Structure formats: C-alpha cells, structure tokens
Amino acid sequence: MSSENLEINTFGLNTGSNENKMDVGHVVLVHPLEYTKNTFTEEAKQSIPISIWYLGSYLTHYGAKVTLINFESDKNAINHLREIAPTADLIGLTMMTSQITHSLTVAKIIKEEIGDIPIVAGGVHPTLYPKETIETPYVDFGIYGEGEIALFELLHAIKEKKPEYYSTISRLSYKKNGEIFYNSDRTPVDHSNYPDLNYSILDQKVLKAQESLPLITSRGCPYNCQFCCNVVIAEKQTFSSWTTEKIMYEMRRGIELGVTDFFIWDDNFFQKKSKTDEFLKGIKKLPKKITWFGNCRAEYFHQNYLSREFLKDLRSYGLTRVSIGAESGSEKMLTYLQKGNKPEHFMRSAEWCAEADIAPSYSFMIGMPKEEDPDIHETIKIIYKLCEILPLPKILGPMLYLPLPGSGMFNDCVNAGWQPPKTIQDWADMNSGYGFHAYNRPWIKNPKMVRIIWFYSLLICAPFGKIVKLIRTYSRLTKHPKHKEWLLVFLALGGAILGKLRYKLNFYAFPVETKIFASLRSINSM
Ligand code: SF4
C-alpha cells in the first residue's frame, strides 16, 4: 500500500525514506480506563487499543518511536508509564468522555511525579470541547478531529525544539505566554493512503490471544442523527473510507496472524450497497473462512439491499453479528432525532436476521428532550417485542441520553434550563457520579419515571423467562457456584417484579432502591 503521496508538514526537514528514516522523536500513547475502575475481565485483558494503535501505525511509518500503554489490558500500566515516560518527547492521551476522569489522573501523575513532559490530548472529547481541553491545567496541547498528521507534526516540532512551528500545525491548539491558540482545520485526507497497520507496536501477548481483530475502515458518518457525536464531529471530519482493496489487504494480514474474526468498528459499515457487494466479493477470495461484525442502519433491511436472500449470502461468508442503533420505539421521537428509521424497520431487521442466523443487537435511549410518557411506553413495548425474537444480551439499554454540543437536541436541553459542564474537570466530576444522580436534567418531562425505568432497564422491558435464562447463562460462563447462581436469579426476578409493578401501577415515587444501589456502588469504589 502506498502512502507516499500524503502531504506532511516536515518544516523543511527530511524524514527519510521508509528504509532510512530519521529519528523524529519518541511518543508514548496512552489509552486510559473508561470511568476509573478496571475489572480486568477476560475481554478487557485482550483488548486492542484501536485508536492509539492506528495513530502509532502512522507515526512509526514516518520514523517515530511509539510506545503504547493500555490501562484496560495491562495491570502494571502505571508502572510501565513511570518507566518509559521519562524517555518520551511527548505523551498522548486519548479521551472519550468516559475516559476523562482517568485521563486527568494520569496527566496529574505524569506532571507531578514523573516530569514536565509535554502532554497532548486527542480523541472524541477534545474534538467536541477543544477550548475546555486546552484550558485543562496538565494538558499542553489539544488535537481536534483526525489526529495522525497533527500528532506527527507536533512530535517533530517538539523534537526539533521549534515551537515557532506550532502555529502551522492544523487541528492543533496550544498555549503560548499564557494565551491559547487554535489552528484551522486541515483539508480532509483519504485514509486509503494511510500506511499499513503496525502489529509490532501492540502487546504481543494480547495480539497472540486475539481471535477477533478490531478494524476501522471508514471514519465519520454522513447521516444527521441529532444525538450523535458524529453530527458534531462531521463539521471537522468528513466521511472517508478505505478502498475494498485495502480492507482485504489488512484482513489477509490479520489472517496470517491467526485471526478468524473481524470486528469492524465503523459507525455505519453498510452505508453503500455497491461497497458491500465489493466487500462480499473480496471476502469470497480470502484464503480462509472468517466471521465478522459490522454496524448497520435498520432501514437498509429491504428488498433492494439487505434482503432475506442477500442476508443469507452475507451469513454464509461470515457475517455473524450486526449492531443497530434503534434509540426509541416512538415514531415521534425518531422523527425528532432525525434518525431516518421507523419502529417497523427494527422488527423487520430482527426477523430477517433471525431467519438468516445473524445475531443483531439494538441500543435504546430514554431521558431525551420532548420525550413524553407515551413515547417511553412505545420504547418499552418494542424492546419487549424484540426480546421475544432475540436473546437478551442483544438489547442495550434503555440508556440515558447524554447531550453533546452543537446539535439541536443540545440546544433544547439548554433552553430547558440545563447548564452544561464548563470545564473538563466538570465533565470528569459528572462522569464519576452515578448516572442519574450525577447531574440535573431539567429537560426530562417525567424524571421520576425515567429514573426508575433506567434503573431497572431490561428487568422492566424483558419477559421473565428470558431474564432467568440470561442470568443462568452468565453464571455458567463466569463459573459461579450453584448457590450464587440462584441468588442472582432470585435478585434479578425480585428486581423484575418490583420494576414491572412500579411500571404497571405508574408509581415512581420514593426511589429507595436507586439510593441504596448508589450507596453500595460508592462504598464499593472506595
Ligand atoms: S447513523 Fe449512526 S453514526 Fe451516523 S449519525 Fe446516525 S447514529 Fe451517528
């Protein structure tokens, strides 16, 4: 794969050919924990930190030394960071909103205990909140939008001790003499030209244990769902995707390493029928049979695209799971969200997937502006219907809506009297609280109802039989002793009865159970 036609600002310095690269510096890229607790589940222990892996692959291609630190999979990550950080020219922290709390802890440790090594923050949250990110005390630089080129240029400028070049690096924010500067956006790049993924920078033990390799083959999303961070990020990041040739090339490399499953993280992998057709042709030519996963939209399930026949064809070439963002069972809310789906699309997709032996999963939200009691009832009804067709773990939520800046829905929250967090620390504080108690949501019309339904979520929405089956399967997988398995079944059924009773009687006052649970959680996290 060629990557030589990328335009990189090297400030007139030669980075060398691929064979003879000059040293452009050492960057340590850190993947912090989501929230603050690491459970070290088997899944987490094998996780590949995809965002910093992609960044690192790009940087190593152009001569940088890259060390990845993954707090999700590495129990000794903090010690590894203490050892390696003093040799770094730059430390990069990737930050989703759920990672802020831990990112700030890591940044503080670096600056107060390790040394004054420059820290750059990038990822979704710094893209949504560039100003708040760069105003954070321990953060020296922020990169918003796609990070590869800006990160390379920043590392190079730091290594060469040329702060005067900061102003030429697109998507960078930085501090100078107490002032904050933001540079303009870069023209969109074609990711197909990006260098090959570099497996050598991953933890080799984790890599060997991989059966399912994560891939991102496109970035951005052209849709306009009003709750989604892509709508906000899209202003700064245009949709672009790898060519089918590049996808197949990386899949073949994965297969050579023993991978048998690909988890394609793209926000909407099935966006174009012609691309899916090409992809299927490519899969048919791979040297080994593989399985794969992709995110999808429910309205694609129709006679001229994801038809019953086409789904069966996709299944026989490895499509085993799809994930669908359903969000609400109410047509009114789906229109408000500009989702472009109807409840009937969810039911059709579930039925057709079940026929083709593909496992779909659906995510739902409640607690949105404009949402009224009948809308929530519609959501519960459709979850119940989907549960009758699908196994329970395939329903995510209903989760609580979180407003993201720049969307119409965010403005509706503000108009309802909500005061968004002002600093990154405020976001961290909000995240470290427990869900509904963490902050005020004045846009919710019936907060008592939303709190109880969110608290019990699936226990209210699912049939009893399926709940018992789920708990027993979970207990078997986690090898719980019999008495613990039955205790969990008892608790889940107790919760389901209480939740369903509250829902039936429309009685949401005195939420003692949510308070007890929040107290237990805070004791547990001390
Ligand atoms: S289709 Fe999915 S990724 Fe795209 S804007 Fe809608 S919710 Fe976001």
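Residues numbered from 1 in each chain as written. Predicted model: local features only at pLDDT ≥ 70, side-chain atom pairs only at ≥ 80, totals over all residues. Heavy atoms only, no water.

Draft legend 1. Layout of the overall build of the protein. Helix and strand content of the protein: 22 helices and 15 strands. Counting over 526 residues, the protein shows a buried share of 54%. When the accessible surface of the protein is totalled, it reaches about 24,100 Å², and 55% of it is carbon and sulfur. (Helix = DSSP H or I, 4+ residues; strand = E, 2+ residues; numbered from the N terminus. Buried < 20%, exposed > 50% of the residue type's maximum accessible area, 1.4 Å probe, protein only. Areas by Shrake-Rupley, 256 points an atom, 1.4 Å probe, with all protein chains shown as cover.)

Draft legend 2. Structural detail: the nonpolar core. With 131 residues, the main nonpolar core has Trp53, Met251, Phe262, Phe270, Trp292, Leu306 and Tyr362 as its most contacted residues. For this core, the element with the most residues is helix H7 (residues 148–159), which contributes eight residues. In this structure phenylalanine 262 touches Ser212, Leu213, Leu215, Met251, Gly254, Ile255, Ile290, Thr291, Trp292 and Phe293, once residues within four positions along its chain are discounted. Judged by nonpolar contacts, the second largest core, of 16 residues, contains Val28, Val30, Ala88 and Ile117. (Core = buried A, V, L, I, M, F, W, Y, C linked by side-chain atoms within 4.5 Å. Contact = heavy atoms within 4.5 Å.)

Draft legend 3. Local environment of the packing of aromatic side chains. Summed over the entire model, instances satisfying the criterion amount to 23 aromatic pairs. The interplanar angle of 70° and the centroid separation of 5.8 Å between the aromatic rings of phenylalanine 269 and tryptophan 292 together place this pair among those described as edge-to-face. Of this pair, phenylalanine 269 sits in the loop between strand E11 (261–264) and helix H11 (273–284) while tryptophan 292 sits in strand E12 (residues 291–296), and the two are 23 residues apart along the sequence. The two residues phenylalanine 269 and tryptophan 292 agree in class, both being buried. Plain terms: the ring middles of phenylalanine 279 and tryptophan 292 are 4.8 Å apart, the flat faces sit at 70° to each other, and that makes the pair edge-to-face. Of this pair, phenylalanine 279 sits in helix H11 while tryptophan 292 sits in strand E12, placing them 13 residues apart in sequence. In this structure, phenylalanine 279 and tryptophan 292 share a single accessibility class: buried. In this arrangement the basic side chain of lysine 246 is found over the ring face of tryptophan 242, its NZ or CZ atom lying 4.8 Å from the centre. (Phe/Tyr/Trp six-rings, centres within 6.5 Å; stacked < 30°, edge-to-face > 60°. Lys NZ or Arg CZ within 6 Å of the ring centre and 35° of its normal.)

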